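# Structural features, examined
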Amino acid sequence: MKGRIVNLAAGSQPDSRSATQYRMLSRLFRERLTREIAFSMVSCVHCGACAQACHYALARAHDPCMTPAYKADQIRRMFNRNMNWIGRILSGRLNAGTSAADADMERLRDIVFGACTGCRRCTFNCPIGVDNAALIRFTRGILTEMGVVPEGLSNASRNQWLSGNQMSVTEEEFFDSLDWIKAELQYELGVGDLDILVDKEDCDIIYAVNPREIKYDPHSLMNAAKLFYLAGESWTLPRYGWDQTNFGLFSGDDRLGAFMAGNLYRAAERLRARRIVVSECGHGYRSVRWEGYSWANNQQTIPTESVVETVMRYLIEGRIKVDRLRNTGSVTFHDSCNVARYGGLVEEPRWVLKQVCSDFREMYPNGVNNFCCTGGGGLLTMPEYRPLRLEVARIKADQLKVTEADTVCTMCHNCRDGLGDLIDHYQLNMKVVQVMDLVAEALVLPPGNEGNINE
Amino acid sequence: MSEYLRLLEHEIHIAALSFMGLAYAIRVFWLFSFRPVTEKSLPAGHPSRTVASSLFTVARPWTIEKHRRTPVFYAQFVVFHIGAAAAISLTFIIPHWPELLAIEAVVRLMQVTLIAAFVAGMARLYRRLSDPSLRLISTWDDYFALVMMNLFYVLGAWTISNRCGACSWIVLTFFLVAALIHLYVPFSKIVHYLYYPFVRYYLGKAMAHRGIGRYVHPEESSWRNKL
């Protein structure tokens, strides 16, 4: 990537399309800027400390354009031109400018969508506290509004707008999958009273899933159903609003964010559920537990948690029993950025893993300092950026290799795919699982019920 | 003392400081005119502790990757900023408490501090010029602010030595640079020290709301989401 940006305001001759885009850009800036973003816009001192924190900058040390401050500066220039009165007076001194021609917008798109996963590691490692990740998401939102967005991300967003879920799963497919899961589980556990209820009112838990659990990977939902059955939980899935994923988070489109999170909140309200539980999904957890309430302008009234927190609660309350000797392989844990750095869940998954695995080993750095799996920020839906993504995944691959673990566990579907991809690419001898896979394996059935697990 | 020096040490110094204060107030007022983010989710953490630790990040080098990996970078940062504080205090000590400079230890301490800050500043300038990533992100202001501060330190160290001597032009230049810095700071990156508490407060507040960055005992954690 070349460090270049067209400075329309400084005198280049814009065509009418560029001029229209420039006006739109200015309007979106004015409409969307928040105080927190504005402070991050003006506070960077260009010390370069963020370069040590970013997996892109570390893996591509020869490419100065990978420095988070450089990426943030591309939007900061526009801020300085459009909003900052000092930048308007002294545009040259602050490198103020704006990109509005098509080529510049595309270049900006490649930076904010293709060269940053929004993992927020640079934010946590900025001495001042400049939130580069928030600036990137802010820019993504503006570009999305202007239609300058990668096709894969745009398609998934459209699916969510039209069908209420990112994979356009129909109601027939939804019920078919649930029936199959129910039948499999009844056989596995050797019980006939296990049911997966949809739209049941007054349950303790309303459970929201990732559409891949319905479409491609029913084992995740099966694990949850098994857990709830053994814990004697009263739970339900909503008929509409069951998709906890949220492409508004990736695209920076807060309206889509509000729509998707709002679907689930409304379902919980309609069904009078007492708690919202989301399956293992990093950005889904962040969207539903944190950002969604603000996007949807909906004051949280009921507890909202990840299923991993639910497992912990059951274990502490003695509602389920587990046997850690059923998972004897060495297991390490990868913290999802959306769960740890954005969501604050660091100890919880570790506590659960120590209950269900006999050989848990830490990866370093970890927790809020962990490196991204490189599949975050919606990068998995943007195949055009895959080569760069896999190149910078070297940092994560090195981190994994040092643990010498057989299995890397995570609590995010995106991380699972991102890690799987890099494990293949770097030929690591490891498999990826999610926390619930290990929990389901370790669950002890009640006495007298041997089930048909081995079959 | 020449009339020019008296003017620079008092009236012009006060005028430049007043201008800086006014510009700061306008900047902060302008930034506060943007709407704040409102959290609608229920909080998970203890705000005061996390906000405090966020505000004191500057004194907790182990929390920043760059400082962990390159302690000398942090040492430079500390020395450079202590030098800034020393040079600024000198602009008050000379006109208002000159008797302090009659104490040999104070003079030596000031000189060592300012010279060390100058060395750190030069190291920072070298780093900015030699590192391609830093060169790419550096603006004209980044270089100018650094050169200006380095000049301020050198003149400060020199001024103390010549305070009782005959070369009043050094003192005059020191106060002239000080006045220029006061006029320039609100429009430069040096103003970051004004924003620091706000940026850190907002980041700390957001982290505290989500319970990020503190050890949570699992048994406490499982009920933290309770209403």
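Criteria and thresholds
- Every chain's residues receive numbers from 1 upward, in the order its sequence appears when written.
- Think of it this way: whatever chain is written first is A, whatever ligand is written first is 1, and the rest follow in order.
- Given that this is a predicted model, residues contribute local features only at a pLDDT of at least 70 and side-chain atom pairs are listed and counted only at 80 or more, while totals for whole chains, interfaces and linings are drawn from all residues.
- The helix count covers DSSP runs of H or I at least four residues long, the strand count covers runs of E at least two residues long, and both are numbered beginning at the N terminus.
- The size measure is the radius of gyration over C-alpha atoms, and the globule rule it meets is 2.2 Å times the number of residues to the 0.38 power.
- Three exposure classes are used, all based on how many other C-beta atoms lie within 10 Å of a residue's own C-beta (placed from the backbone): buried at 20 or more, exposed at 12 or fewer, and partly exposed between those limits.
- What counts as a contact here is a pair of residues whose C-beta atoms, placed from the backbone, lie within 7 Å.
- The split of the chain into domains comes from an automatic or database domain assignment.
- Classification used: nonpolar for Ala, Val, Leu, Ile, Met, Phe, Trp, Tyr, Cys and Pro, charged for Asp, Glu, Lys and Arg, polar for all others including Gly.
- For two strands to pair, DSSP has to find at least two bridges joining them.
- Here an axis means a line fitted to C-alpha atoms, over the contact stretch when the element is a helix, while the angle between two N-to-C directions is reported on a 0 to 180 degree scale.
- Crossing handedness: left-handed means the near helix sits turned counterclockwise from the far one by under a right angle, and right-handed means the same turn made clockwise.
- Looking down the strands as they point away from you, a crossover is right-handed if its path from the first strand over the helix to the second goes clockwise.
- Note: pLDDT gives the predictor's confidence per residue, expressed from 0 to 100.

## Looking at the overall build of chain B
Looking only at helices and strands, chain B features 10 helices and 0 strands. When the helices and strands of chain B are listed from N to C terminus, the series reads α-α-α-α-α-α-α-α-α-α. The C-alpha radius of gyration of chain B comes to 22 Å, more than 25% above the 17 Å expected for a compact globule of 227 residues. Its C-alpha atoms give chain B principal-axis dimensions of about 75 × 40 × 40 Å. Every one of the 227 residues in chain B was classed for burial, and the buried ones make up 34%. Nonlocal contacts in chain B, meaning residues at least 24 apart in sequence, comprise 78% of its contacts between residues at least 6 apart.

## Overview of the domain arrangement of chain A
Residues and elements named next belong to chain A. Each domain of chain A was delimited in the assignment, giving domain 1 (8–149), domain 2 (158–317) and domain 3 (324–442). Distance between the C-alpha centres of domain 2 and domain 3: 22 Å. With 24 residues of domain 2 in contact, the opposing surface of domain 3 contributes 25 residues. Elements with a contribution of two residues or more to the side of domain 2 that touches domain 3: helix 12 (218–231), helix 13 (247–251), helix 15 (282–295) and helix 16 (307–317). Grouping the amino acids of the side of domain 2 that touches domain 3 by side-chain chemistry returns 12 nonpolar, 6 polar and 6 charged.

## What to know about the sheet that holds strand 1 (residues 205–208) of chain A
Residue and element names in this part refer to chain A. Taking strand neighbours across the sheet as the criterion, the 4 strands line up as 2-1-3-4 in an open arrangement whose pairing is parallel. The sheet is open, and its two borders are formed by strand 2 (235–236) and strand 4 (304–306), each paired with just one other strand. Sheet topology places strand 1 next to strand 2; 2 bridges connect them, and they run parallel. Within the sheet, the bridge partner assigned to I206 lies in strand 2 and is T236. With respect to the sheet, helix 15 is in contact with strand 1, strand 3 (276–278) and strand 4, its orientation differing from that of strand 3 by roughly 165°.

## Observations concerning the packing of helix 14 (residues 254–270) of chain A against helix 15 of chain A
Residue and element names in this part refer to chain A. Relative orientation of the contacting elements helix 14 and helix 15 amounts to 115°, with a least axis distance of 8 Å. As for the relative orientation of helix 14 and helix 15, their crossing is left-handed in sense. Contact with helix 14, carried on its side by D254, G257, A258, A261 and L264, involves S287, V288, E291, G292 and W295 of helix 15 and no other residues of that element. Its residues assigned to classes, the contact of helix 14 with helix 15 comprises 5 nonpolar, 3 polar and 2 charged.

## As for the pairing of strand 7 (residues 407–410) of chain A
Residues and elements named next belong to chain A. Judged from the 4 bridges that link them, strand 5 (residues 330–334) and strand 7 form a sheet pairing that is parallel. Within strand 7, the residue paired with T332 across the bridge is V408. As paired elements, strand 7 and strand 8 (residues 431–434) share 4 bridges and run parallel to each other. Opposite T410, over in strand 8, you have Q434 as the bridge partner. Considered for its hand, the β-α-β crossover made up of strand 7, helix 21 (residues 413–425) and strand 8 is right-handed.

## Digging into helix 22 (residues 435–442) of chain A
Residues and elements named next belong to chain A. Counting buried positions over the 8 residues of helix 22 gives 7, a clear majority of the element. Of the residues making up helix 22, those classed as buried are V435, M436, D437, L438, V439, A440 and A442. Contacts from the buried residues of helix 22 go to helix 12, helix 16, strand 5, helix 18 (347–356), strand 7 and strand 8.

## Considering the interface of chain B and chain A
Reports of interface size often rely on the accessible area that becomes lost once the parts have come together. Taken together, the contacts link 54 residues of chain B with 55 residues of chain A. Broken down by secondary-structure element, the contributors of at least two residues to the side of chain B that touches chain A are helix 1 (3–32), helix 3 (65–69), helix 6 (132–137), helix 7 (140–162), helix 9 (192–210) and helix 10 (218–221) of chain B. Ranked by residues supplied to the side of chain B that touches chain A, first place goes to helix 9 of chain B with 9 residues. Broken down by class, the residue content of the side of chain B that touches chain A amounts to 26 nonpolar, 14 polar and 14 charged.

## With respect to the sheet that holds strand 8 of chain A
Backbone-to-backbone hydrogen bonds pair the strands of a sheet. The strands run either parallel or antiparallel. All names here are of chain A. Ordered by their spatial adjacency, 4 strands build an open sheet running 6-5-7-8, and the pairing between neighbours is parallel. In the strand order of this sheet, the two ends are held by strand 6 (359–361) and strand 8, each with one partner. Between one strand axis and the next, the sheet turns by 35° as a mean value, whatever way the strands run. Each of strand 5, strand 7 and strand 8 touches helix 21; the most contacted strand, strand 8, lies at about 175° to it.

## Observations regarding the confidence of the model for chain B
All names here are of chain B. Mean pLDDT over chain B works out to 89, with 90% of the residues at or above the 70 mark. Of all the helices and strands in chain B, helix 10 carries the lowest mean pLDDT, 46, while helix 5 (residues 104–130) carries the highest, 96. Predicted confidence is poor over residues 215–227, with pLDDT under 50, and the contacts of this stretch with residues over four places away or in other chains come to 22 contacts. For this predicted complex, the interface confidence reaches an ipTM of 0.91, while the overall pTM sits at 0.91.

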